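Chain and residue survey
Here is how the chains run, residue by residue.
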4 protein chains.
Amino acid sequence: MTSTTEKTVTDMSVFEALESEVRSYCRSFPTIFDKARGYKLWDTQGREFIDFFAGAGALNYGHNNSRIKSKLIDYLTDDHVVHSLDMATVAKESFLKRFQDVILSPRGMDYKVMFPGPTGANTVESALKLARKVTGRQTVISFTKAFHGMTLGALAVTGNAFKRKGAGVPLHHAVSMPYDQYHENVDSLTLLERYLEDDGSGVDLPAAIILETVQGEGGINVAGSEWLKQVEQICRRWDILLIVDDVQAGCGRTGPFFSFEEAGIQPDMVCLSKSIGGYGLPFAITLIKPELDQWAPGEHNGTFRGHNLAFVAATEALSYWETDELTQDILRKGEKVRLALEEMAAKHPELQTDVRGRGLMQGISFASEGFADRVCQAAFQRGLIMETSGPDSEVAKVMPPLTIDDEGLDKGLSILEESIQAAKQSSTQ
Amino acid sequence: MTSTTEKTVTDMSVFEALESEVRSYCRSFPTIFDKARGYKLWDTQGREFIDFFAGAGALNYGHNNSRIKSKLIDYLTDDHVVHSLDMATVAKESFLKRFQDVILSPRGMDYKVMFPGPTGANTVESALKLARKVTGRQTVISFTKAFHGMTLGALAVTGNAFKRKGAGVPLHHAVSMPYDQYHENVDSLTLLERYLEDDGSGVDLPAAIILETVQGEGGINVAGSEWLKQVEQICRRWDILLIVDDVQAGCGRTGPFFSFEEAGIQPDMVCLSKSIGGYGLPFAITLIKPELDQWAPGEHNGTFRGHNLAFVAATEALSYWETDELTQDILRKGEKVRLALEEMAAKHPELQTDVRGRGLMQGISFASEGFADRVCQAAFQRGLIMETSGPDSEVAKVMPPLTIDDEGLDKGLSILEESIQAAKQSSTQ
Amino acid sequence: MTSTTEKTVTDMSVFEALESEVRSYCRSFPTIFDKARGYKLWDTQGREFIDFFAGAGALNYGHNNSRIKSKLIDYLTDDHVVHSLDMATVAKESFLKRFQDVILSPRGMDYKVMFPGPTGANTVESALKLARKVTGRQTVISFTKAFHGMTLGALAVTGNAFKRKGAGVPLHHAVSMPYDQYHENVDSLTLLERYLEDDGSGVDLPAAIILETVQGEGGINVAGSEWLKQVEQICRRWDILLIVDDVQAGCGRTGPFFSFEEAGIQPDMVCLSKSIGGYGLPFAITLIKPELDQWAPGEHNGTFRGHNLAFVAATEALSYWETDELTQDILRKGEKVRLALEEMAAKHPELQTDVRGRGLMQGISFASEGFADRVCQAAFQRGLIMETSGPDSEVAKVMPPLTIDDEGLDKGLSILEESIQAAKQSSTQ
Amino acid sequence: MTSTTEKTVTDMSVFEALESEVRSYCRSFPTIFDKARGYKLWDTQGREFIDFFAGAGALNYGHNNSRIKSKLIDYLTDDHVVHSLDMATVAKESFLKRFQDVILSPRGMDYKVMFPGPTGANTVESALKLARKVTGRQTVISFTKAFHGMTLGALAVTGNAFKRKGAGVPLHHAVSMPYDQYHENVDSLTLLERYLEDDGSGVDLPAAIILETVQGEGGINVAGSEWLKQVEQICRRWDILLIVDDVQAGCGRTGPFFSFEEAGIQPDMVCLSKSIGGYGLPFAITLIKPELDQWAPGEHNGTFRGHNLAFVAATEALSYWETDELTQDILRKGEKVRLALEEMAAKHPELQTDVRGRGLMQGISFASEGFADRVCQAAFQRGLIMETSGPDSEVAKVMPPLTIDDEGLDKGLSILEESIQAAKQSSTQ
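Residues numbered from 1 in each chain as written. Chains lettered and ligands numbered in written order. Predicted model: local features only at pLDDT ≥ 70, side-chain atom pairs only at ≥ 80, totals over all residues. Heavy atoms only, no water.

**Things to note about helix α4 (residues 66–77) of chain D**
Look at α4(D): 16 Å from first C-alpha to last across twelve residues, which is about the 16 Å you get at 1.5 Å a residue. Looking at α4(D), one finds that the buried residues are D:Ile68, D:Lys69, D:Leu72, D:Ile73, D:Tyr75 and D:Leu76. With its buried residues spanning 160 degrees around the axis, α4(D) presents them on a single face. Where α4(D) is buried, its residues touch α4 (66–77) of chain C together with α5 (90–104) and α11 (308–317) of chain D. Two or three places before D:Arg67, at the opening of α4(D), D:Asn65 has a side-chain oxygen 3.1 Å from that residue's backbone nitrogen. The positive-phi residue at the C-terminal boundary of α4(D) is D:Asp79, with phi of around 55 degrees. (Helix = DSSP H or I, 4+ residues; strand = E, 2+ residues; numbered from the N terminus. Expected span 1.5 Å × (residues − 1). Buried < 20%, exposed > 50% of the residue type's maximum accessible area, 1.4 Å probe, protein only. Arc of directions from axis to C-beta. Contact = heavy atoms within 4.5 Å. Polar contact = N/O pair within 3.5 Å; in protein donor to acceptor, adjacent residues only side chain to side chain.)

**Thoughts on the nonpolar core**
Core analysis: the biggest nonpolar cluster contains 468 residues, and A:Phe99, B:Phe99, C:Phe99 and D:Phe99 have the highest contact counts within it. Contact partners of A:Phe99, with chain neighbours within four places excluded, come to A:Leu104, A:Val113, A:Phe257, A:Phe258, A:Leu272, A:Ile276, A:Ile285, A:Leu287 and A:Leu318. (Core = buried A, V, L, I, M, F, W, Y, C linked by side-chain atoms within 4.5 Å.)

**Some details on the sheet that holds strand β8 (residues 208–211) of chain C**
Residue and element names in this part refer to chain C. Strand order in the open sheet formed by seven strands is β5-β13-β12-β11-β8-β6-β7, and the pairing between neighbours is mixed. Since the sheet does not close on itself, it has two edges, and those belong to β5 (112–114) and β7 (174–177), each with one partner. Strand-to-strand twist in this sheet, taken as the mean axis angle between neighbours without regard to direction, amounts to 20 degrees. Where β5 and strand β13 (residues 285–288) come together, three bridges link them in antiparallel fashion. Paired with Lys 112 across the bridge in β13 is Ile 288. Strands β5, β6 (140–143), β8, β11 (241–245), β12 (269–272) and β13 of the sheet are contacted by helix α6 (residues 120–135), whose axis makes an angle of about 165 degrees with β12. (Pairing = 2+ DSSP bridges. Axes fitted to C-alpha atoms, helices over the stretch in contact; angles between N-to-C directions.)

**Observations concerning the interface of chain A and chain B**
With 103 residues of chain A at the interface, the matching set in chain B holds 103 residues. Of the roughly 9200 Å² buried at the junction of chain A and chain B (both faces included), carbon and sulfur atoms supply 64%. Ionic pairing is found between A:Lys112 and B:Glu21, a salt bridge with its closest N-O pair at 3.6 Å. Our count for the contact surface shared by chain A and chain B stands at 46 residue pairs in polar contact (both at pLDDT 80 or more). Strand direction decides the pairing type here: strand β1 (residues 32–37) of chain A and strand β4 (residues 88–89) of chain B, joined by two bridges, are parallel. Within the sheet, the bridge partner assigned to A:Phe33 lies in β4(B) and is B:Thr89. (Buried area = accessible area lost by both parts, 1.4 Å probe. Salt bridge = Lys/Arg side-chain N within 4 Å of Asp/Glu carboxyl O.)

**Section: the packing of aromatic side chains**
All names here are of chain D. On inspection of all chains with the given rule, the structure shows 90 aromatic pairs over all chains. On the numbers, 6.1 Å between centres and 25 degrees between planes, the contact of Phe 115 with Phe 283 is stacked. Of this pair, Phe 115 sits in the loop between β5 (112–114) and α6 (120–135) while Phe 283 sits in the loop between β12 (269–272) and β13 (285–288); the two residues are 168 residues apart in sequence, bridging distant segments of the chain. Assessed through its relative accessible area of 2%, Phe 283 is described here as buried. (Phe/Tyr/Trp six-rings, centres within 6.5 Å; stacked < 30°, edge-to-face > 60°.)

**Re the environment of D:Asp246**
Residues and elements named next belong to chain D. Within the fold, Asp 246 resides in the loop between β11 (241–245) and β12. Discounting residues that sit within four places of it in the chain, Asp 246 has contacts with Thr 213, Phe 258, Ser 259, Phe 260, Val 270, Cys 271 and Leu 272. In terms of polar contacts, Asp 246 uses its side chain to reach the side chain of Ser 259, at 2.5 Å.

**Some words on the interface of chain D and chain A**
Of the residues lining the interface, 31 residues belong to chain D; the matching set on chain A comes to 31 residues. Summing both partners gives a buried area of about 2700 Å² for chain D against chain A, and 51% of it is carried by carbon and sulfur. Together, D:Tyr182, D:Tyr195 and D:Asp199 form the three largest contributors to the area buried by chain D at its contact with chain A, with a combined 19%. Where chain D packs against chain A, one counts two salt bridges. For A:Arg164, the salt bridge identified is with D:Asp204, shortest N-O distance 3.2 Å.

**Overview of the relation of the copies chain A and chain B**
Between the two copies, chain A and chain B, the superposition gives an RMSD of 0.0 Å; the rotation angle is 180 degrees and the shift along the axis is 0.0 Å. Expressed as a symmetry operation, the mapping of one chain copy onto the other fits a two-fold axis. An overlap of 100% is found between the interface residues of chain A and their copies at the interface of chain B, pointing to a shared contact surface. (Least-squares fit on C-alpha atoms with pLDDT ≥ 70 in both.)

**Notes on the sheet that holds strand β3 (residues 48–51) of chain C**
Strands sit in the order β16(C)-β3(C)-β2(C)-β1(C)-β4(D) across an open sheet of five strands; the sheet is mixed. Edge strands, defined here as strands with exactly one partner in the open sheet, are β16 (384–385) of chain C together with β4 (88–89) of chain D. Relative to β3(C), strand β2 (residues 40–43) of chain C runs antiparallel, the two being bridged by three bridges. Bridge pairing links C:Trp42 to C:Glu48 in β3(C).

**Things to note about the pattern of salt bridges**
Enumeration according to the criterion identifies 128 salt bridges over all chains in this entry. With its nearest N and O atoms 2.8 Å apart, the salt bridge here joins B:Asp354 to B:Arg356. Given the relative accessible area of 35%, B:Asp354 is considered partly exposed. Assessed through its relative accessible area of 18%, B:Arg356 is described here as buried. A salt bridge links C:Glu21 to C:Arg27; its shortest N-O distance comes to 3.2 Å. In this structure C:Glu21 comes out as partly exposed when scored by relative accessible area, which is 26%. Given a relative accessible area of 36%, C:Arg27 falls into the partly exposed group. Linked through salt bridges whose partners overlap, the residues forming this network are A:Asp329, A:Arg332, A:Lys333, A:Lys336, A:Asp406 and A:Asp410.

**Considering the packing of helix α9 (residues 188–197) of chain B against helix α10 (residues 225–238) of chain B**
Packed helix pairs are specified by the crossing angle of their axes together with the interaxial distance, meaning the distance between the axes. All names here are of chain B. One can describe the packing of α9 onto α10 by two numbers: an axis separation of 11 Å at closest approach and a directional angle of 5 degrees. Between α9 and α10, the angle is such that the two are roughly parallel. Counted together, Ser 188, Leu 189, Leu 192, Glu 193, Leu 196 and Glu 197 of α9 and Trp 227, Gln 230, Val 231, Ile 234, Arg 237 and Trp 238 of α10 form the full contact between these two elements. Residues belonging to the contact of α9 with α10 are distributed by class as follows: seven nonpolar, two polar and three charged. (Parallel < 35°, antiparallel > 145°, perpendicular 65-115°, else oblique. Nonpolar A, V, L, I, M, F, W, Y, C, P; charged D, E, K, R; others polar.)

**What to know about the environment of D:Ala317**
All names here are of chain D. Here Ala 317 lies in helix α11. The class for Ala 317 is buried, based on a relative accessible area of 1%. With 41 residues separating them along the chain, Ala 317 and Ile 276 place their C-alpha atoms 7.9 Å apart. Beyond its immediate stretch of four places on either side in the chain, Ala 317 contacts Tyr 61, Ile 68 and Gly 278.

**Regarding the domain arrangement of chain A**
Residues and elements named next belong to chain A. Once the domains are mapped, chain A shows domain 1 (13–64 + 326–428) and domain 2 (67–321). When the two sides are added together, the surface that domain 1 and domain 2 hide from each other amounts to roughly 2600 Å², 54% of it contributed by carbon and sulfur. Counting across the interface, domain 1 meets domain 2 through two salt bridges. Here domain 1 is connected to domain 2 by 21 residue pairs in polar contact (both at pLDDT 80 or more). Broken down by secondary-structure element, the contributors of at least two residues to the side of domain 1 that touches domain 2 are α3 (54–57), α12 (325–347), β14 (354–358), β15 (361–365) and β18 (395–398). Class assignment of the residues belonging to the side of domain 1 that touches domain 2 gives a composition of 16 nonpolar, twelve polar and three charged. (Domains from an automatic or database assignment.)

Structure, rendered in structure tokens:
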């Protein structure tokens, strides 16, 4: 396969003619992708790209991971059940046992597993429903810059104004409180606690608090361990359920399997999707403390709760978690990314950057409007896939597959550095 | 593989111990499925089952359809991109072109295709959002016994009280009007029109009317062509958008590809999921009249909009629609099912049955509470998978794969007949 | 005082300069009123008007009723407490006893009296709150063309699109069902019952059904006694609270003190305002079945619950109800109005009129848009105050004080007849 | 009239038997009031009470103010129109002119006057409606511990949990932000501004900000002039309407006619009720900047917008504002109250008091739960009417009529001092 330096124009006319205007990433990355393996993608013209986006966190084990791939092909070849609604299947049983053995038991965790449908929004909507049912309360507290999904229930706890407006109806039953370090003049925990204890605060006692430990879409904002612990204590004190949305930050993205392990908290429910499917296949689970598993049979359902290819891929992917080798490697590579980003930041003080993140979920923000977008455009032209995040797209995200090797990581970081330089030059022209 | 008459107890303990109480079909069909092909399923003990459920309409082309299967294996083997968010891929391009060539163009239809995420609820939520955005109105009219999904936006236009209550919050911005033939003393169209034209009706002018032409979950209720045409005219008169949710009734279930072709109406938006994925893979699309495609890029998004295995399967499945052979075959087999059900009804007048449906989406209702459930239990014991529908589970549904052969169909219908007999006997004991 | 035939232009400039554009009746009746007594009003130029509007039902005992007036002057003169929040006062005690003795006891009714604030909207909001609290449910069923008030809770159960839109936010927790005789092709009771018993109807079991027995603002629509009885039975069967909003139709307007006495129903709560204040003073009460009086002290409050002038006037006004003399007189005069209206209707078949109402709450509708308004304008020019009602202002209302004498009634009806003739002529010019 | 020291048991049985459980103040002040004048009340047993409650701010000119009383008696005697809906009357014209001449013009203020119905909730609901209409937005920002009324629209911007819960439905379209000095670790203005400018805050751009400059029901919390000015600037910067609810703090309660005059801000709308009626008669007005007066005629209405006795009383009451004499007297007496309260606070450091307020709207809070209630009970036994406020009833309010003389004020304060002593003793027993 050839290098990406020659610029052949890709014919995107089919997409322009037939696909809805809502399409977006195909505008940022205007080419047609064909093949992929590990941290690499190739387009129809054979150009190679390093992937620092990883399916927005859905490809932690890389594209078309070969260990998983062979399991999928075997499963298909032998005509095992592929679609099964929520009937019992061998593939589902294997996943449940494996998840118990590799993830829950070693961590001393006791959760029931719910299959809420195959998307992040499904797991969030199911958790919110159950929290409201169990507590009999309706309000849910979420945080500034949170992102939890695009269906109406999930959107109501999402901060992004553009996404919220798309709802076309007012979004209710949610109160947005300041996230950790939202502003130096506002002690977010004091405010949260004050609102709860004050009978005149105008904020009803919530069913749940939902949070991401690192806000992926919100701009790679990291909640400190101490802050998370205190939120947990507040939940306990007020009998509020704590839901961690680990859809993007979970499955090892920050190092350990769950992003909240470092803080030592025990959420009442955990939402997982994206990389839990192992191979980029649609899949989501909701973990529920057994005493809260008060669902009636079928009270939440859906056609694609029994996506057996995803069970197979997810089961195999769990093999990465039999030891803490991957965690250590993520932390090591995360440190490398951190240093590289801080070096870039130091080199360009006038860009007023801020380096953020944990593990392989990092980002660098730029003060000037549109600058991060220009960095990512320059990166794409140089064969690197990166995306922005934050309400004003002010952060360039570094989220390669967790399994990336050092060569790929170094090369990607080097392209990023060049791209910052290029973006600077284009700004000053 | 052996017959199903011997009753070996299946060990369901893993599911009971680890999976949430919300699981349901695994309770109706208490065994562990392993393999499947066409209209047959086999459990771990080798028992064979005829499938008259077809993944609630997600398996119109049968389990593990061999034509599609080989395409999937090839795609995986050659490392084509599997997960791509909403970037452009070869697989997506092929699907778009094929859908245009095989489905839209021959029918003279002009729609943009949106990939709203992989579930039925995603396509419904996206259609409702867009309808509200385009019209600037908030109310949506849905119909009694409608089922459109389990996320909050979709649940608000769903009739089922049990599902609605699961929301844990009041459901708004929706008005439920009587469906065709809801009651002989209520002219549903007159009421609908009266509510719209009366400035004192208390029903705000809606953004859209959303309907299923045959209500699958609601009890196999069929809307007449004349009724559908008049609803369309009402929409035109009042500048209301018409959304057809063809998630279950579409993709040939009632004979033609779209369930509304017979009525000759032209919806403003069409929601497709379930069998559009071809192989039971999570997939959904929203069809949008071009002038309504007023989305801003990324205004609705989601991680699994680019599920390329589903593009591949969906593209291959469209081959069934190059001629009208399948449609004719569905109508022929539908007629056979109809006659068989009516014969059963005639044989058991005391059961106060009602036979309903179109094509291979048929059902028989029983007046006595719980009777339909007992029929399905008896069928399962005899090697036939069937499910009930309707708000009180009063209808036994006959929904085999569209590709079922006559032998399978006859055998299934014969088991159904036995099962009715058996249910009767168990009732009278 | 002089006749009204000479048209002197009244200077309305103070109102135009200083009062909000929201003012309305002063536009229909463009003069400045100064004095009033019984069924007569006089403007600053001494023109006399017969009042067939009676403060939209707030002046059942006429303007400045002399019996009540002397009580008010005495009360003021002697410095009895005028404003008392909800403290106990002699005036309040007298009212409570009198209401018990004259109204409740003779009718064998057992209700607690709540003082919810001085307006119709206050009593409606309080009844809805309590119904929701007692049942733990949130939905309330109201009817097409209902009018219950302008605050957000009351507006949600009001049908009028123009008024609803003024809310500026979507109105929730209410379902609008067809009122009696809404349309000949819709059996409103069948539909109501079907919606309640059908678990798939999309209408949640309501806390309450709220209705007016005659819809004053909605166009003088009369619910039949049989219909009311059946609604009551439906409420009993489904354990739904029945709230009668008797704000306009109560206090004798239809003949008996309560408008629902004829139907023999027993509402769980009754909302009274307007004429319960006797003299046009702001006052409202909510009657509550004792077992439903589950309020916590102060759970609903308000500054003007203790308007003692209104207690005094209301107490004195109850004297009219010591015998059934007034009721008989209302019915007799109502019959006279009926005959007169039907005669007018018969004389002008091309106006496609409909004569409606009960007691002294009657109206005549005209098919042609704007015609009823022109009738009222012509009446005003001839010295008769009348207003339109109905969502399209299609009904001219005849609602004189209940105490009007035959001379006044005849004269008013005669002006009305002339005014119809005049409106016809102006239309055909 | 005799002293209050002898304790005769009052027979409250009529109220207990016939009035709803929702009654509250008659429980705090368990006697039956008969007469009142100025700052004094007498019960049926002739016991005299000093009134430090003043109808919760509705009796700023004292009970049965003799100047106003004679106007009322004259008006009644001469049969001027008492009830007039929103027609033009001589009494209304006089009020409009007088309000313009005495209040608006001298302050250089330009407002249209709306008569929204006779209660505080009416004026608040009307202001919120108009703000939403004019801006096309739905959210309104209110503040912690705010109280704006008990109808659903007003309750949604009220902080008190007990009152909110009474709604029986979730309250929407409102966001509660921290009031001035809500907590020392939270800079309320920074947070407000950050939420508005951050596109990821989860708080939609509001139609309006509504606030009380001194929170009467919320615990006599005072907003600083600087804070108010900055809120006004934030409103201007973001094109948000500023609504001041001056229902309790207005009409001179804090010294000047409007409570916000000191801060020099110019609200877009002002809500007035309570003492604007002069004599404790139900009355409210909404002041609207002319360019915002975009109401359609009748878009908000109500039966008691034309309460002419209130126009008469209100017009006469405005005479107090022809000079600044009253303002000076209020400020002087306010200072006296302040000193007295601070002296009491200093005398009882162990009660952890906090003295708050402006003008004759002052209060003293006590840390121990229930202590303020005991103080008010002790005061009642000693012939002083006082009430608590704050979400936990932690503040004893000092709100005498503005026209109280020094003798009454001194006597009341002296009883308050005794009552604190008595409450302390009863606590320690």
